[in-house]
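Here's the letter readout for the chains.
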Amino acid sequence: MTPKLEVLLEQVNQTYPGTVMVRTGQEKSGRLRLDQAKQSFLADRLLIEVPDQTEADFVIGNELLQLMLSLNGIVPQIFFGLTFEDDALDQQLVTIASRLHKMVMHGITYREMAKQGYLTADTASAFQAGIEDELTAEEGEIDGQHLFRLLSLVDAQILLAVLKEQGLLEEAKGAEKAFSKLYPKANAEAKALAEPIMTADLKDSRTIRKTIVRLFAGLDELLEKDQLPTVNAKQYVTLAPVLSERQLAGPVKNLFEIFHSDMTDFASKEKAYVGLGKQDQQNTFVIAPPKNPADRPKFFKELYELPVKDLLEKLALPYIVRK
């Protein structure tokens, strides 16, 4: 690790409630794959492992910066309190939503890595090689790999935008030309999804949250247009709120509407009720009402009058106070 990365690791360890360690493997593939970074926990220790030495500093730095953003409470966290009672489907949705959440963070971390000198022509070349190794080329019609290509290429478009900002225009143009040729449909859609991330001012939590919600909705719009199953992350994923002191002090009814969901509450195994934000229709909390239907009218009446802060603390849900 470079001295700069050691400083970053030290900063993370000052905030992390334990010890973060980093380990790099021996492989040198020439391909940059961010998904190869693995995190494992042992008691209060977090180990970040990167098996491939190719641009390992970029991969490690990206992981550490994402961890720092979460620890500092800048990026709203996501939670998965709902289930379709189908493990394979749940796992697929968790994986997709987690990737979308990370994409918005990459709008911050890739720029920071560039600022610190870790985004170079070699990084761009290895990143392109990783994408081309990971994805099969399109063959006309939209196929079962379309969503997978789309998610990978949104990340690629974020990196290409940062390369352009850094003046690495030839590298960005070369990769863009290759992606347009190999994956014309997915790459064009990826550009549309990446654009709001790269144009947003991702410096405050409220804007970051809005960008995450916009990405959730934007992906579903494209999938619907392509006649593919939607992810419905706006209802499936609980996204921590960013609220002012005034909003936190006000009653739940001011900000949220509670709906009966077709999904099941993961904790209670009962049919779930989901609190959706009135403004953005994003899942902000999942709640289990009394089992006896006769008790529910009183329960919901009291719930709607409860101060938002009291409800979030009762549910042990983190929130970010807007400055």
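Preceding this paragraph is the structure being described.
These numbers come from a predicted model, not from an experiment.

Looking now at the pattern of salt bridges. Counted under the stated rule, the structure contains 15 salt bridges. Here K225 makes a salt bridge to E189, at a shortest N to O gap of 3.9 Å. Remark: E189 occurs in helix α7 (residues 184-199) and K225 occurs in helix α8 (residues 205-225); sequence separation between them is 36 residues. For K203, the salt bridge is made with D201, and the minimal N-O distance between the two is 3.7 Å. Relative accessible area serves as the criterion here: at 71%, K203 is assigned to the exposed category. When salt bridges that share partners are traced, they join R31, R33, D35, D133 and E134 into one network.

Another aspect to go through is the side chain of E189. With a relative accessible area of 8%, E189 lands in the buried category. Apart from the residues lying within four places of it in its own chain, the contact partners of E189 are H146, L150, L222, K225 and D226.

Before going further, it helps to examine empty space enclosed by the protein. Per the counting criterion, the structure on display carries 3 cavities of 30 Å³ or more. Looking at the largest cavity, its volume works out to about 40 Å³. Taken together, R31, L32, R33, Q36, V50, D52, T54 and V59 make up the lining of the largest cavity. Per-class residue counts for the lining of the largest cavity are 3 nonpolar, 2 polar and 3 charged.

Within the secondary structure layout, R209 lies in helix α8. Counting along the chain gives 189 residues from R209 to V20, while the straight-line C-alpha distance between them is 27 Å. Leaving out residues up to four positions away in the same chain, R209 has contacts with P76, L239, A240, P241, V242, D280, Q282 and T284.

Strands sit in the order β1-β3-β2 across an open sheet of 3 strands; the sheet is mixed. Looking at which strands have only one partner, the edges of the open sheet turn out to be β1 (19-27) and β2 (38-42). Taking each pair of neighbouring strands and ignoring which way they run, the sheet shows an average axis angle of 25 degrees. Where β1 and strand β3 (residues 45-52) come together, 7 bridges link them in parallel fashion. When the sheet's bridge partners are listed, E27 is paired in β3 with D52. Sheet contacts for helix α2 (residues 56-71): β1, β2 and β3; angle to β3, the most-contacted strand, approximately 150 degrees.

In terms of strand pairing, β2 meets β3 through 5 bridges, oriented antiparallel. Bridging across to β3, L42 finds its partner in R45. Linking two consecutive strands that pair antiparallel, namely β2 and β3, is a turn of 2 residues; a positive phi of about 55 degrees is found at A43 within it.

Time to look at the pairing of strand β10 (residues 283-287). Counting buried residues in β10 gives 5 out of 5 residues, a clear majority hidden from the surface. Pairing of strand β9 (residues 271-277) with β10, which is carried by 4 bridges, proceeds in the antiparallel orientation. Within β10, the position partnered with L276 by the bridge is N283. Counted along the chain from β9 to the antiparallel partner β10, the turn is 5 residues long, and its residue Q281 has a positive phi close to 60 degrees.

Moving on, we come to the packing of aromatic side chains. With the rule as written, the count across this model stands at 7 aromatic pairs. Here F80 and Y236 contribute two aromatic rings whose centre-to-centre distance is 6.1 Å and whose plane-to-plane angle is 45 degrees, an arrangement assigned as tilted. Of this pair, F80 sits in the loop between β4 (78-79) and β5 (82-83) while Y236 is found in helix α9 (residues 233-236), placing the two residues 156 residues apart along the sequence. Take F80: its relative accessible area is 27%, and that puts it in the partly exposed class.

So, about the packing of helix α6 (residues 169-182) against α7. Interaxial distance between α6 and α7 falls to 5 Å at its minimum, and their mutual angle equals 125 degrees. The angle between α6 and α7 falls in the class oblique. The residues of α7 that touch α6, namely those facing E176, F179, S180, K181 and L182, are P184, N187 and K191. Across the contact of α6 with α7, the residue classes break down as 3 nonpolar, 2 polar and 3 charged.

Below, the discussion takes up the nonpolar core. Counting residues in hydrophobic clusters, the biggest one holds 85 residues, and the most contacted among them are V20, F58, L153 and L219. With 12 residues, the top contributor of residues to this core is helix α5 (residues 146-165). Excluding its chain neighbours within four sequence positions, the residues that come into contact with F58 are L32, L34, Y110, M113, Y118, L119, T123 and L159. Within the second largest apolar cluster, 16 residues are counted, among which are L248, L255, V308 and L317.

Reading the values: rules and limits
- Residues numbered from 1 in each chain as written.
- Predicted model: local features only at pLDDT ≥ 70, side-chain atom pairs only at ≥ 80, totals over all residues.
- Heavy atoms only, no water.
- Salt bridge = Lys/Arg side-chain N within 4 Å of Asp/Glu carboxyl O.
- Helix = DSSP H or I, 4+ residues; strand = E, 2+ residues; numbered from the N terminus.
- Buried < 20%, exposed > 50% of the residue type's maximum accessible area, 1.4 Å probe, protein only.
- Contact = heavy atoms within 4.5 Å.
- 1 Å grid on protein atoms, 1.4 Å probe; cavity = no way out; pocket = protein on both sides within 12 Å on 5 of 7 lines; lining within 4 Å.
- Points joined across faces, edges and corners; volume = space filled by probe spheres on them.
- Nonpolar A, V, L, I, M, F, W, Y, C, P; charged D, E, K, R; others polar.
- Pairing = 2+ DSSP bridges.
- Axes fitted to C-alpha atoms, helices over the stretch in contact; angles between N-to-C directions.
- Phe/Tyr/Trp six-rings, centres within 6.5 Å; stacked < 30°, edge-to-face > 60°.
- Parallel < 35°, antiparallel > 145°, perpendicular 65-115°, else oblique.
- Core = buried A, V, L, I, M, F, W, Y, C linked by side-chain atoms within 4.5 Å.

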